[in-house]
Amino acid sequence: MKKVNPLVVISGVVVGIASIVLTLLGNPKNMGFCIACFERDIAGALSLHSAAKVQYLRPEIMGIVLGAFIIALITKEFKPKAGSSPATRFVLGGVVMIGALAFLGCPLRMVIRIGGGDINAMIALLGFILGVFIGTIFLKKGFNLKRAYKATLVEGSVMPAVSVALLVLAFLAPVAIKMSVEGPGSMHAPVIVALLIALVVGALAQKSRLCMVGGVRDAILFGDFKLLYGFVAIIVTIIIGNLITGDFNLSMYSQPVAHSSTLWNVLGMMIVGWASVLLGGCPLRQLVLAGEGNGDSAVTVFGMIIGAAFAHNFSLAGNPDSVNELGEYVVGGLSQGGKIAVIVCIVIVLIISVVNSNLFKKEEKKNG
Amino acid sequence: MVDARGYLCPMPVLMVQKAVKENAPQTLEILVDDECAKGNVTRFGESQGYKVEVSDTDDGYKLVFTK
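Residues numbered from 1 in each chain as written. Chains lettered and ligands numbered in written order. Predicted model: local features only at pLDDT ≥ 70, side-chain atom pairs only at ≥ 80, totals over all residues. Heavy atoms only, no water.

**Q** Would you mind going over the interface of chain A and chain B in detail, with residue names and values included?
**A** With 22 residues of chain A in contact, the opposing surface of chain B contributes 20 residues. Here chain A and chain B share an interface that buries about 1700 Å² over both sides, 61% of which is from carbon and sulfur atoms. Seen at the junction of chain A and chain B, the total is 2 salt bridges. The salt bridge partner of aspartate 33 of chain B is lysine 81 of chain A, with a shortest N-O separation of 3.2 Å. Of all elements in the fold, only helix 10 (212–222) and helix 13 (283–291) of chain A reach the threshold of two or more residues within the side of chain A that touches chain B. (Contact = heavy atoms within 4.5 Å. Buried area = accessible area lost by both parts, 1.4 Å probe. Salt bridge = Lys/Arg side-chain N within 4 Å of Asp/Glu carboxyl O. Helix = DSSP H or I, 4+ residues; strand = E, 2+ residues; numbered from the N terminus.)

Rendered as structure tokens:
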């Protein structure tokens, strides 16, 4: 189970190149391809939150879903299914987003930030690995969200249909959508280019099962490094790309859309790693599964978008480091509410982990 | 028999791993319903020294491990 899968490595390289190209074409630095950030921007574009700097209907999200959908249809892997604890998955999706926005990025952006030399992301990786490790402990203790069942074609098509509807909205009724005029939301690659690149990434991710969480999880559970090579391929490609473009900056400070509040970076990514293991994949993988017809993953994505709305409506998301009017460097991080939210999310993930595993059954046997 | 239909990876492999660990069977039948599970369970079986036969079913695949 230790063989290198060339498709996973190729997918990682393509994601890395896509991130560099999208950044060159206008996406924020070290954010060429961030699922959490882009879903947050979509939440803002649809007026689910009113943070003026992060509102844009990112076509990358719809592109990934539709790329996965099209390739799954062609290769007969489009199999509508649903019914595996959808409400729990919705909550976990929200929790993943709150953790990701505490750090300011999903696992994919963490990898992209590492490739840009962001030491905060390198430290957050330790929290992410810890979270995945805790998740695998519960998997070994019998954690599962019960099986999904075959669903109707309509149910399986919900996420692709929503993606098409959002694209139609973007092209035919842009006035209905909010768009940032400053901040990360105002920085974006041309729509058509971003969409085409995302279609390719979605298709490749579907065929290769590329997953940031799966890479670390399978290495811990089975000593299987197949998916982890995709993770490494993204980092190596982005380091090379950033060295070529002159954007590599090895530092904790002055990193694009990032804060250097270490504890909260680590805890935020710990939540993301842990909750994503319970969900069966990272935010990128959830989009791809939703494109393949998995209604539970579609619910998870909706949970993430609502989680993003909560994060910004209640000021729970991380604030980037900045320089004030006096020219002083101001370390960002979380508000008091954001810190409380992170702790609450840890408690929620712990409860979900415990009540869905066999911990109590074993105790009953011992007592009996 | 391990019925892993409806489960996302890595659950099918974990379910099969548990069955192999607890019973060390000479033969084991497994039902899965997606490509990812089929590939991963097959690789797991082969890594444990089983010969793995795969056949199509109405809603997925049947894998038979034999030693």
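**Q** With reference to specific residues and values, describe the packing of helix 4 (residues 86–103) of chain A against helix 15 (residues 336–355) of chain A.
**A** Geometrically, a packed helix pair is captured by the angle between its two axes and the distance between the axes. Residues and elements named next belong to chain A. Relative to each other, helix 4 and helix 15 sit at 145°, their axes nearing to 10 Å. When the axes of helix 4 and helix 15 are compared, the crossing they make is left-handed. Of the residues in helix 15, those in contact with Thr88, Val91, Leu92, Val95, Ile98 and Ala102 of helix 4 are Ala341, Val342, Cys345, Ile348, Val349 and Ile352. Per-class residue counts for the contact of helix 4 with helix 15 are 11 nonpolar, 1 polar and no charged. (Axes fitted to C-alpha atoms, helices over the stretch in contact; angles between N-to-C directions. Left-handed = near helix turned anticlockwise from the far one by under 90°. Nonpolar A, V, L, I, M, F, W, Y, C, P; charged D, E, K, R; others polar.)

**Q** Summarise helix 2 (residues 35–45) of chain A; cite the residues concerned and give the values.
**A** Residue and element names in this part refer to chain A. Burial analysis of helix 2 places 11 of its 11 residues in the buried class, which makes it a mostly covered element. Where the residues of helix 2 are buried, they touch helix 3 (59–74), helix 4, helix 5 (107–115), helix 13 and helix 14 (295–313). Among the residues trailing helix 2, serine 47 stands out with phi positive, at a value near 65°. (Buried < 20%, exposed > 50% of the residue type's maximum accessible area, 1.4 Å probe, protein only.)

**Q** Explain the sheet that holds strand 4 (residues 60–66) of chain B to me, using residue names and the numbers behind them.
**A** Residues and elements named next belong to chain B. Reading across from one edge, 1-2-4-3 is the order of the 4 strands in this open sheet, with mixed pairing throughout. Across the chains shown, the open sheet's two edge strands, defined by having one partner strand only, are strand 1 (2–3) and strand 3 (51–57). Bridge count for strand 2 (residues 27–32) against strand 4 is 6 bridges, and the pairing is antiparallel. Considered in strand 4, the bridge of valine 32 is made with tyrosine 61. Lying on the sheet, helix 1 (residues 11–23) is in contact with strand 1, strand 2 and strand 4; it crosses strand 2 at an angle near 165°. Along the sheet, helix 2 (residues 35–47) makes contact with strand 2, strand 3 and strand 4, crossing strand 4 at roughly 5°. (Pairing = 2+ DSSP bridges.)

**Q** How would you sum up the nonpolar core? Please name residues and give values.
**A** Proteins that are soluble and globular tend to have nonpolar side chains buried together. Residues and elements named next belong to chain A. By size, the foremost hydrophobic cluster in this structure holds 129 residues, and its most contacted members are Phe33 and Phe231. The leading source of residues in this core is helix 12 (residues 262–279), at 11 residues. Setting aside residues up to four positions removed in sequence, phenylalanine 231 forms contacts with Met110, Val111, Leu125, Phe128, Met212 and Val216. (Core = buried A, V, L, I, M, F, W, Y, C linked by side-chain atoms within 4.5 Å.)

**Q** I'd like a rundown of the layout of surface pockets, residues and numbers included.
**A** Approximately 510 Å³ is the volume found for the second largest pocket. Along the wall of the second largest pocket there are 32 residues; nearest its centre are Arg209 and Arg285 of chain A together with Glu35, Cys36 and Asn40 of chain B. Elements represented by at least two residues in the lining of the second largest pocket include exactly helix 9 (191–208), helix 10 and helix 13 of chain A together with helix 2 of chain B. Considering each element in turn, the lining of the second largest pocket owes the most residues, 5 residues, to helix 2 of chain B. Residues of the lining of the second largest pocket, tallied by class, amount to 10 nonpolar, 8 polar and 14 charged. (1 Å grid on protein atoms, 1.4 Å probe; cavity = no way out; pocket = protein on both sides within 12 Å on 5 of 7 lines; lining within 4 Å. Points joined across faces, edges and corners; volume = space filled by probe spheres on them.)

**Q** Residues and numbers for the packing of aromatic side chains, please.
**A** Counted under the stated rule, the structure contains 5 aromatic pairs over all chains. Between tyrosine 253 of chain A and tyrosine 329 of chain A the ring centres are 5.6 Å apart and the planes differ by 85°, which places this aromatic pair in the edge-to-face class. Here tyrosine 253 of chain A, found in the loop between helix 11 (228–245) and helix 12, pairs with tyrosine 329 of chain A, found in strand 4 (residues 329–330); they are 76 residues apart in sequence, far enough to count as distant. Judged by relative accessible area, tyrosine 253 of chain A falls into the partly exposed class, the value being 41%. We classify tyrosine 329 of chain A as partly exposed; its relative accessible area is 31%. Here the basic side chain of lysine 38 of chain B rests over the ring of tyrosine 61 of chain B, its NZ or CZ set 4.4 Å away from the ring centre. (Phe/Tyr/Trp six-rings, centres within 6.5 Å; stacked < 30°, edge-to-face > 60°. Lys NZ or Arg CZ within 6 Å of the ring centre and 35° of its normal.)

**Q** Which residues make up the state of the cysteines, and what values do they have?
**A** One way to say it: the disulfide is the covalent bond shared by the sulfur atoms of two cysteines. Inspection of every chain in the model, using the stated rule, returns 1 disulfide over all chains. With no disulfide of its own, cysteine 282 of chain A lies closest to cysteine 211 of chain A among cysteine sulfurs, the gap being 3.8 Å. Here cysteine 36 of chain B stays unpaired: no disulfide links it, and the sulfur of cysteine 9 of chain B, its closest cysteine neighbor, is 3.3 Å away. (Disulfide = S-S within 2.5 Å.)

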